[in-house]
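Observations on chain architecture
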Protein chains: 2
Amino acid sequence: MSVEFDQIAFGPAYRKVADAIGERILTRALREGERLPAETELARQFGVHRSTVREALRELQSRGLLERRAGSKLMSVSRPPRAHIAAGISHALLLHDVTVRDVWQALTILEPPIARAAARARTAEDLAALEAATAAFGAGMADPKEAVRHTSAVFRCIAGATHNTVLGLAQEPLLQLLEPSLRVIIDRVQQARSRIGTAHAHLSEALRAGNEVQAMRWMERHIADFSRGYELAGIDMALRLSL
Amino acid sequence: MSVEFDQIAFGPAYRKVADAIGERILTRALREGERLPAETELARQFGVHRSTVREALRELQSRGLLERRAGSKLMSVSRPPRAHIAAGISHALLLHDVTVRDVWQALTILEPPIARAAARARTAEDLAALEAATAAFGAGMADPKEAVRHTSAVFRCIAGATHNTVLGLAQEPLLQLLEPSLRVIIDRVQQARSRIGTAHAHLSEALRAGNEVQAMRWMERHIADFSRGYELAGIDMALRLSL
DNA sequence: GATTCTATGATTGTCGGACAATCCGGCAAC
DNA sequence: GTTGCCGGATTGTCCGACAATCATAGAATC
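On a predicted model such as this, the values are computed, not experimentally measured, just so you know. (Residues numbered from 1 in each chain as written. Chains lettered and ligands numbered in written order. Predicted model: local features only at pLDDT ≥ 70, side-chain atom pairs only at ≥ 80, totals over all residues. Heavy atoms only, no water.)

**Overview of the protein's contact with DNA strand D**
Condition: Near is defined per residue: the residue qualifies when any heavy atom it owns lies within 4 Å of the molecule or strand. Nitrogen and oxygen atoms within 3.5 Å of one another constitute a polar contact, given that in protein one can donate a hydrogen and the other can accept it, and given that sequence-neighbouring residues count only through two side-chain atoms. When residues are sorted by character, Ala, Val, Leu, Ile, Met, Phe, Trp, Tyr, Cys and Pro go into the nonpolar class, Asp, Glu, Lys and Arg into the charged class, and all the rest, Gly among them, into the polar class.
Near DNA strand D there are 17 residues, and of these A:Ala13, A:His49, A:Thr52, A:Lys73 and B:Arg50 occur at the shortest range. Here, DNA strand D places atoms within 4 Å of the protein, and 59% of those atoms are sugar or phosphate. A:His49 places a polar main-chain atom, nitrogen or oxygen, 2.8 Å from a phosphate oxygen of DNA strand D. Take B:Arg68: an N or O atom from its side chain is 3.1 Å from a phosphate oxygen of DNA strand D. Looking at the surface near DNA strand D residue by residue, the classes come out as six nonpolar, four polar and seven charged.

**Topic: the interface of chain A and chain B**
Keep this limit in mind: In this analysis, two residues are considered to be in contact whenever any of their non-hydrogen atoms come within 4.5 Å of each other. Counted as salt bridges are all cases of a side-chain nitrogen of Lys or Arg within 4 Å of a carboxyl oxygen of Asp or Glu. In DSSP terms, a helix is any run of H or I states spanning at least four residues, a strand is any run of E spanning at least two, and both are numbered starting from the N terminus.
In this assembly, 45 residues from chain A lie in contact with 45 residues from chain B. Linking chain A with chain B are eight salt bridges. Seen at the junction of chain A and chain B, the total is 17 residue pairs in polar contact (both at pLDDT 80 or more). Mapped by element, the contributors of at least two residues to the side of chain A that touches chain B are α1 (13-26), α3 (50-62), α4 (82-95), α5 (100-121) and α8 (165-188) of chain A. The element best represented in the side of chain A that touches chain B is α5(A), accounting for nine residues. Broken down by class, the residue content of the side of chain A that touches chain B amounts to 24 nonpolar, ten polar and eleven charged.

**Things to note about the packing of α5(A) against helix α9 (residues 192-209) of chain A**
Angle between the axes and distance between the axes: these two values describe a pair of packed helices. All names here are of chain A. Note the threshold: Angles here are taken between N-to-C directions and fall from 0 to 180 degrees, while the axes themselves are lines fitted to C-alpha atoms, restricted in helices to the stretch in contact. With respect to orientation, any angle under 35 degrees is reported as roughly parallel, any angle over 145 as roughly antiparallel, any angle of 65 to 115 as roughly perpendicular, and every other angle as oblique.
Relative orientation of the contacting elements α5 and α9 amounts to 40°, with a least axis distance of 7 Å. Taken together, the axes of α5 and α9 are oblique relative to one another. Seen from α5, the contacting residues are Ala 115, Ala 118 and Ala 119; seen from α9, they are Leu 203, Ala 206 and Leu 207. Considering only residue class, the contact of α5 with α9 consists of six nonpolar, no polar and no charged.

**What to know about empty space enclosed by the protein**
Applied cut-off: Buried and open spaces are told apart on a 1 Å grid over the protein atoms alone, a cavity being a set of points where a 1.4 Å probe fits but cannot get out and a pocket being an open set with protein on both sides within 12 Å along at least five of seven lines. Residues with an atom within 4 Å of a point are the lining residues. Grid points are joined across faces, edges and corners, and a volume is the space filled by probe spheres set on the points.
All chains considered together, the criterion is met by four cavities of 30 Å³ or more. Estimated volume of the largest cavity: approximately 210 Å³. Lining the largest cavity are 18 residues, and of these A:Leu169, A:Ala170, A:Pro173, B:Leu169 and B:Ala170 lie nearest its centre. Looking at the lining of the largest cavity, the element that brings in the most residues is helix α8 (residues 165-188) of chain B, giving six residues.

**Section: the packing of aromatic side chains**
The description of an aromatic ring pair uses the distance of the two centres, along with the angle that the planes make with each other. Residues and elements named next belong to chain A. Stated formally: Stacked, tilted and edge-to-face are the three classes assigned to paired rings of Phe, Tyr and Trp, where Trp is represented by its six-membered ring and a pair needs centres within 6.5 Å; plane angles under 30 degrees give stacked, over 60 edge-to-face, the rest tilted. Type-normalised accessible area, obtained with a 1.4 Å probe on protein chains alone, sets the label of each residue: buried when under 20%, exposed when over 50%, and partly exposed for intermediate values. Two conditions define a charge sitting above a ring: the NZ of Lys or the CZ of Arg must be within 6 Å of the ring centre, and it must be within 35 degrees of the ring normal.
Counted under the stated rule, the structure contains two aromatic pairs over all chains. Between Phe 155 and Phe 226, the ring centres sit 6.2 Å apart and the planes meet at 70°, which makes this aromatic pair edge-to-face. Taken as a pair, Phe 155 in helix α7 (residues 144-161) and Phe 226 in helix α10 (residues 212-232) lie far apart in primary sequence, 71 residues in all. Classification of Phe 155 by relative accessible area gives buried; the value is 3%. One Lys or Arg, Arg 221, reaches over the ring of Trp 218 and ends 4.2 Å from the middle of that ring.

**Section: the domain arrangement of chain A**
Spelled out, the test is: Either an automatic procedure or a domain database provided the assignment from which the domain bounds are taken.
The domain boundaries assigned to chain A delineate domain 1 (13-77) and domain 2 (83-232). A C-alpha centroid distance of 36 Å is found between domain 1 of chain A and domain 2 of chain A.

**Observations concerning the nonpolar core**
In plain terms, the rule: To form a nonpolar core, buried Ala, Val, Leu, Ile, Met, Phe, Trp, Tyr and Cys residues must be joined to one another through side-chain atoms within 4.5 Å.
Judged by nonpolar contacts, the single largest core of 110 residues is most densely connected at A:Ile158, A:Leu207, B:Ile158 and B:Leu207. Leaving out residues up to four positions away in the same chain, A:Ile158 has contacts with A:Ile114, A:Ala115, A:Ala118, A:Leu130, A:Leu203, A:Leu207 and A:Met219.

**Some thoughts on helix α6 (residues 124-139) of chain B**
Residues and elements named next belong to chain B. Spelled out, the test is: An expected span of 1.5 Å times one less than the residue number is assigned to each helix. It is the directions from the helix axis to the C-beta atoms that the arc portrays.
For α6, spanning 16 residues, the distance from its first C-alpha to its last is 22 Å, which sits close to the expected 22 Å at 1.5 Å a residue. Every buried residue belonging to α6 is among Asp 126, Leu 127, Leu 130, Ala 133, Thr 134 and Phe 137, and all of these are buried. Seen along its axis, α6 keeps its buried residues to an arc of 130°; they face one direction. Among the exposed residues of α6, those oriented more than 90 degrees off its buried face are Ala 124, Glu 125 and Ala 139. Where α6 is buried, its residues touch α5 (100-121), α7 (144-161) and α9 (192-209). With a side-chain oxygen positioned 3.3 Å from the backbone nitrogen of Glu 125, the residue opening α6 is Thr 123.

**What to know about the packing of α7(B) against α9(B)**
Residues and elements named next belong to chain B. The condition is simple: By definition, any crossing whose near helix is turned counterclockwise from its far helix by less than a right angle is left-handed, and any crossing with a clockwise turn is right-handed.
Where α7 contacts α9, the two axes come as close as 12 Å, and the packing angle between them is 20°. Taken together, α7 and α9 sit at an angle that is classed as roughly parallel. Considering the relative orientation of α7 and α9, their crossing is left-handed. Along its contact with α7, which presents Pro 144, Thr 151, Val 154, Ile 158 and Ala 161, the element α9 presents Arg 193, Ile 196, His 200, Leu 203 and Leu 207. Class assignment of the residues belonging to the contact of α7 with α9 gives a composition of seven nonpolar, two polar and one charged.

**Topic: the relation of the copies chain A and chain B**
Put simply, the test is: When the copies are superposed, the least-squares fit takes in the C-alpha atoms of residues with a pLDDT of at least 70 in both.
Once chain A is rotated about the relating axis by 180° and shifted along it by 0.0 Å, it coincides with chain B to within an RMSD of 0.0 Å. The transformation just described matches what one would write down for a two-fold rotation axis.

Put into structure tokens, the structure is as follows:
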């Protein structure tokens, strides 16, 4: 007789509590927005002390599975916000000695097809959002900080127009990582602003027309321009990114 | 006189402690492998209670910034392991109602250029690893579970051959998400195994020859085949992924 | 009756302390 | 040199406590 044993649940109690709650969230037994019982109540249910529960909650919180909604003490279930997990990815990449070139190469690969998909799938709302973002870039060009923010925003709009969450999420950490260096470029390279503006305009137009090839081409050019920008700004692309 | 005020640090103490330690890690003031002081000592240094420190540690631990190395009680600084953050991303995508098609589309975009880059940048070791992985797939074909594992492994080898951490990390969650459904395909579709094997062989060959176009073409075909596989296995690609 | 104030209770954030289990390092015994 | 044992350090968990915050219900006021 061969008996199959389940893997023994190792590890400290706070981990088991976190796993138990986390599993309920991932299987949607607990739905988004639903509020968890109070800590004391959880402690009672799990048969552990409140401190133990709290450690578990901290873990789930930092995974973005729980959040505290404004004006409520009780934790509620949440889907991890994009920016939140993107930040985690960015940090991980930083520590893995990622270079500017690595990130740029990833953009090279990712963005043109995203633009193409966006040209295919964009709705009228996507278009409006994109045009608002490009307009904001034109208006806020003076302040480098704003210019960078709006450049990222345009990327986000385009990725959003694909209606594919995976693509949006894949892009996000790259933007986060590049923003600082992008700012340096915009600061140092005079023609950067106008070239970015031109690219935005053509991308916008291509998406409006639903012209996939055009969208892809302009995005390729846009990303390639970044490489020129790094050169002109005197940034070594082999340099490790840092905070 | 205009005085600039720093933003007031809001939030509970455990967050501030976590931020303080996390910042040291991200700026590399604490280097990888370095061991943190004991909890009591940290509590003394920060002037808070040990429970508070522990909550902060749980958070950093779940971000992958700290880990407990085998046989050591003290926490040590770590760079978040790829699989760890990929799991976080997978969970997030799950909760964001990602469909099989979304993930597949991302693969469609990502993998062919990865294969191309790999053909360009692969070293002899990469090649050896890849060939070992394809061989393992051939050997373990019988067990569907193993077959899936090795299929992913081949993808990982190829991404590894690009020597671009960003690409490897971008790919990882996609593999994690697709593995279950891939297994269904291999289970149900007879010719799946051999077609995957063929693709592996050609990819391997292309990488050996440094033939970028060939690598890309075969990867395109490989990924496109997945779509066929879903169809043949009767899996609706518009279906939400779930655990 | 509607509104404002207040008391009350629930809940979190933080603290103090405690103790068993485990692990490290050193030291003695073999 | 290896083995076994002991003391100290460290974690995991518990108990209990209390201030601050917030919601709610109920009382007081207009």
